[in-house]
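# A look at the structure
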Amino acid sequence: MTTRDWLLADSPTSRMQANLGRTYRVTLALMRNPLAVVGAIIVLTLIVTAILAPWIAPYSATGQNLSNRLLPPSWDHWMGTDELGRDIFSRVLYGSQITLTIVLLVAVIAAPLGLVIGAVAGYFGGWVDRLLMGITDIFLSMPKLILALAFVAALGPGINNAIIAIAITTWPAYARIARAETLTFRSSEFIAAVQLQGGSAFRIVLRHILPLCTSSMIIRVTLDMAGIILTAAGLGFLGLGAQPPLPEWGAMISRGRNFILDQWWVATMPGFAIIIVSLGFCFLGDGLRDVLDPKQGENK
Amino acid sequence: MSLEPQANLRQPGWAARGVGSRRVWRAANAIFWFIVTIALTFLGLLAITFFIGRVIPIDPVLSVVGDRATTQVYEAARQAMGLDRPLIVQFFSYVGDVISGNLGNSISTGRPVIVDLGRFFPATLEMATLGILIGVGLGVPMGVIAAAKQGSWIDQVIRVVGLLGYSVPAFWLGLVGLALFYARWRLVGGPGRLDIFYEGLVPSITGMILIDSIIAGNMDVFKNAVWHLVLPASILGFFSLAYIGRMTRSFMLDQLSQEFVTTARVKGVPERVVIWRHAFYPIRIQLITVIGLSYAGLLEGSVMIETVFSWPGIGNYLTTALLNADMNAVLGATLVIGAVFIFINKISDVLYRVLDPRAR
């Protein structure tokens, strides 16, 4: 029996085999969608770059060399150099670490928070539902960027506070999804079975409801990544996110603003990095949605 | 309560009156709940700005007077801000202040924040309105054509623009636009609303230069204002075009796959009529919601664009205040943008319900 047969077995003999088989099927389906493959490659490249940045970057991200300042793109400096003589290509590579950190931390904070709030609201219903969803709706009807700006203003500029501010503005959408999902199987028989066996509400929500919400959550989080990257870059651009000399892409664009007329590459190059990575997450998210949630994909 | 219908029964013509009053009752009910939800949402917005302004900062007094203030000044400010009172009392006095239009003074301009906001808001409104006009004017027809001719070049354009709208940073596009269209090709005006020698030529009546210059009959100022407005408004228009075009396309695809469309085609109705009369007509109500959302989004998106274009609007005011740690101004601008955002959202929601017979 080959690995492939084992993965695609119709009657898996262990839970691990079933899980691996499911992952394998999703991967196969994703591979058939060219845009999703492009997206996956971009996201993988981002991850690999972030990990390997110290080894693949040709120059240091922060080391200054004033004799090389504002050089146009060339073989030595693929994206040129900035006003302190730093190699922009190396800085963009190191910047992927910051972008990846922001995106991961926002996802790790906001998704579980929204998931739990939504699932609890949906499972218990009644006044719990009304209270939690009331708060969610208030946050949902606020302009996200403005809210994030105001939070950073109060917390003080910096990358950690930017992450907190973005997470605060992203969780409500996840709570809505989790609630909608929970409502669809709250009254189904397998939940009733667990209830009759004496399963506590905590156990039902944690072990039986949350796992079922994860696939729609993964789709939504991947699709939201582009927005998170743009917001983080925007905060960086305004000087409220990562502080210099950190090579954050938005902050780099902001530094290049002064030279945009003559040394266009300083501001333009980090922008391309933002666009490519955001597009990658969009492609991957679209592909995942088509595979994991075909019903939603049809009428997009 | 229970006796009333019986009393009605005996009167002639009760049925007609009953239906009429039921409709009025329903409308009144809808308006009542609309006001309640909007009031609760505003209260929520106030709670958030209150939380941001008074609870998060470790010492709100310090953020107002600065760290070089003497003890007397500090104590006086603390008393004046009422920080010795319980939090809930502080919140209600804050709500009272906001309702009576008192948002405090701005540190950087020295004027009351509400006056500043009134002065800066028209510039934002002008730009966002022009942006949404571009977005609707191009996005809706492009979306319809993209759906009608799936796979055509315009369909591809809508797809690419839709994706870029999600992944291009607005401030970056603004900078690149300035570098190309202003610095290199001189096709449009640079940052700001007017060239320096047109400044102050027309009296400010509405605060929107396009309208003010028409009122004053000064066409030179009007042309110059358009010259400056065209690039930032087009960039905002691009983002709303991306969203509106994509949504129009998907609504149209939904309609075109319906059986009544096939029926119309089989009957030999011309394709143009099928698309615009049969398929487009029903989606115009859904589009109102999309356009409303997009308009509200532009008011928010203008924050970045205004910063890049030194546009003296509310977004620029907000970012300047952020950098000066001018909390009163930040919270005031957040409140105003948030309130307008919520209001437009709710209005488009209500319009949808009023206009769409299925949602009634």
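The residue numbers shown here count from 1 along each chain, following its written sequence. As they are written, the chains are lettered A onward and the ligands numbered 1 onward, keeping that order. Local features in this predicted model are restricted to residues whose pLDDT is 70 or higher, and side-chain atom pairs enter the listing and the counts only when it is 80 or higher, whereas totals over whole chains, interfaces and linings include all residues. To obtain the side-chain values, all non-hydrogen atoms of the structure were used and water was disregarded.

Another aspect to go through is the overall build of chain B. Under the scheme used here, helices are H or I runs from DSSP no shorter than 4 residues and strands are E runs no shorter than 2 residues, and both carry numbers assigned from the N terminus. A tally of regular secondary structure across chain B gives 14 helices and zero strands. For chain B, the α and β elements follow one another from N to C terminus as α-α-α-α-α-α-α-α-α-α-α-α-α-α. This radius of gyration counts C-alpha atoms alone. The globule rule is 2.2 Å times how many residues there are, raised to the power 0.38. Since a compact globule built from 360 residues should have a radius of gyration of about 21 Å, the 26 Å found for chain B marks it as more spread out than a globular shape. Principal axes of the C-alpha set define a box for chain B whose edges measure 85 × 75 × 40 Å. Classification of residues uses two cut-offs on accessible area relative to the type maximum, computed with a 1.4 Å probe and protein chains only: under 20% is buried, over 50% is exposed, and between them is partly exposed. Within chain B, the fraction of its 360 residues that count as buried is 42%. The contact criterion used throughout is that any non-hydrogen atoms of two residues lie within 4.5 Å. Within chain B, counting contacts between residues at least 6 apart in sequence, those at least 24 apart form 70% of the total.

What chain A contains, in helices and strands, is twelve helices and zero strands. With the C-alpha coordinates of chain A rotated into their principal frame, the extents come out at 75 × 55 × 35 Å. In chain A, 69% of the contacts between residues at least 6 apart in sequence involve partners at least 24 apart. Every accessible area reported is derived by Shrake-Rupley at a probe size of 1.4 Å, with residue values counting cover from the shown protein chains alone. Accessible surface, chain A: about 14300 Å² in total, of which carbon and sulfur atoms supply 64%. Under the convention used here, Asp and Glu are negative, Lys and Arg are positive, and both His and the chain ends fall outside the count. Where a charge lies is defined by one atom per residue type: Lys uses NZ, Arg uses CZ, Asp uses CG and Glu uses CD. In chain A, which carries 21 positive and 17 negative side-chain charges, the distance between the mean positions of the two groups comes to 7 Å.

This paragraph deals with unusual backbone geometry. Residue Pro245(A) follows Pro244(A) across a cis peptide bond; omega there is 5°. Among the secondary structure elements, Pro245(A) is positioned in the loop between helix 9 (201-237) and helix 10 (249-256). For Leu70(A), which is not glycine, the phi dihedral falls at a positive 55°. For Arg186(B), which is not glycine, the phi dihedral falls at a positive 55°. For Arg186(B), a relative accessible area of 52% corresponds to the exposed category.

Interfaces are frequently sized by the accessible area removed from exposure as the parts join. Between chain A and chain B, the contact holds 40 residues from the first and 40 residues from the second. Criterion for a salt bridge: a side-chain nitrogen of Lys or Arg within 4 Å of a carboxyl oxygen of Asp or Glu. Remark: the boundary between chain A and chain B carries zero salt bridges. Counted as a polar contact is a pair of N or O atoms within 3.5 Å, where, for protein atoms, one must be capable of donating a hydrogen and the other of accepting one, and residues adjacent in sequence contribute only when both atoms are in side chains. Remark: the boundary between chain A and chain B carries four residue pairs in polar contact (both at pLDDT 80 or more). Listed by contribution, the elements that provide at least two residues to the side of chain A that touches chain B are helix 5 (126-140), helix 6 (144-155), helix 9 and helix 11 (265-292) of chain A.

A separate point is the UniProt feature "transmembrane region" (unreviewed entry) in chain B. All names here are of chain B. UniProt positions are given in the numbering used here, feature names are shortened, and annotations may be inferred rather than shown by experiment. Mapped onto the present numbering, the UniProt feature "transmembrane region" (unreviewed entry) falls at residues 30-52, 127-148, 160-184, 225-244, 287-309 and 329-352. Its end C-alpha atoms 33 Å apart, residues 30-52 is made of 100% helix and 0% strand. Segment residues 287-309 splits into 96% helix and 0% strand. End C-alpha atoms: 30 Å apart.

Further remarks concern the environment of Asp349(B). All names here are of chain B. Mapped onto the secondary structure, Asp349 falls in helix 14 (residues 327-355). Using a relative accessible area of 33% as the deciding quantity, one classes Asp349 as partly exposed. Taking C-alpha positions, Asp349 is 9.8 Å from Val290, a pair spaced 59 residues apart along the chain.

Turning our attention to the confidence of the model for chain A. On average, residues of chain A score 87 in pLDDT, and 97% of them reach the 70 mark or higher. Between the elements of chain A, mean pLDDT differs from a low of 51, seen in helix 12 (residues 294-298) of chain A, to a high of 93, seen in helix 4 (residues 88-124) of chain A. Per-residue confidence from the prediction method is given by pLDDT, with values spanning 0 to 100.

Attention now moves to the UniProt feature "transmembrane region" (unreviewed entry) in chain A. All names here are of chain A. The UniProt entry lists residues 35-57, 98-124, 145-168, 218-243 and 263-285 under the feature "transmembrane region" (unreviewed entry), expressed in the numbering used here. Helix makes up 100% of residues 98-124 and strand makes up 0%, while its end C-alpha atoms are separated by 39 Å. As annotated, residues 145-168 has a helix share of 88% and a strand share of 0%, and its two end C-alpha atoms lie 11 Å apart.

Let us look at the packing of aromatic side chains. Each Phe, Tyr or Trp ring (for Trp, its six-membered ring) is paired with any other whose centre lies within 6.5 Å, and the angle between the two planes then decides the class: stacked below 30 degrees, edge-to-face above 60, tilted in between. All chains considered together, the criterion is met by 15 aromatic pairs over all chains. Taking the centre distance of 4.3 Å and the plane angle of 20° together, the rings of Phe237(A) and Phe171(B) count as stacked. Of this pair, Phe237(A) sits in helix 9 while Phe171(B) sits in helix 8 (residues 170-184), placing the two residues on different chains. A single burial state applies to Phe237(A) and to Phe171(B), both of which are buried.

Further remarks concern the pattern of salt bridges. Enumeration over the complete set of coordinates arrives at eleven salt bridges over all chains. Residue Asp286(A) pairs with Arg289(A) through a salt bridge whose shortest N-O separation is 2.9 Å. Placement of both Asp286(A) and Arg289(A) in helix 11 is noted, with a separation of three residues, approximately one turn of the helix. For Arg193(B), the salt bridge goes to Glu126(B), with nearest N and O atoms at 2.6 Å. Of this pair, Arg193(B) sits in the loop between helix 8 and helix 9 (209-216) while Glu126(B) sits in helix 6 (residues 113-148), and the two are 67 residues apart along the sequence. Both residues of the pair, Arg193(B) and Glu126(B), count as buried. A cluster of three or more residues bridged by salt bridges with shared partners is formed by Asp82(A), Arg86(A) and Arg91(A).

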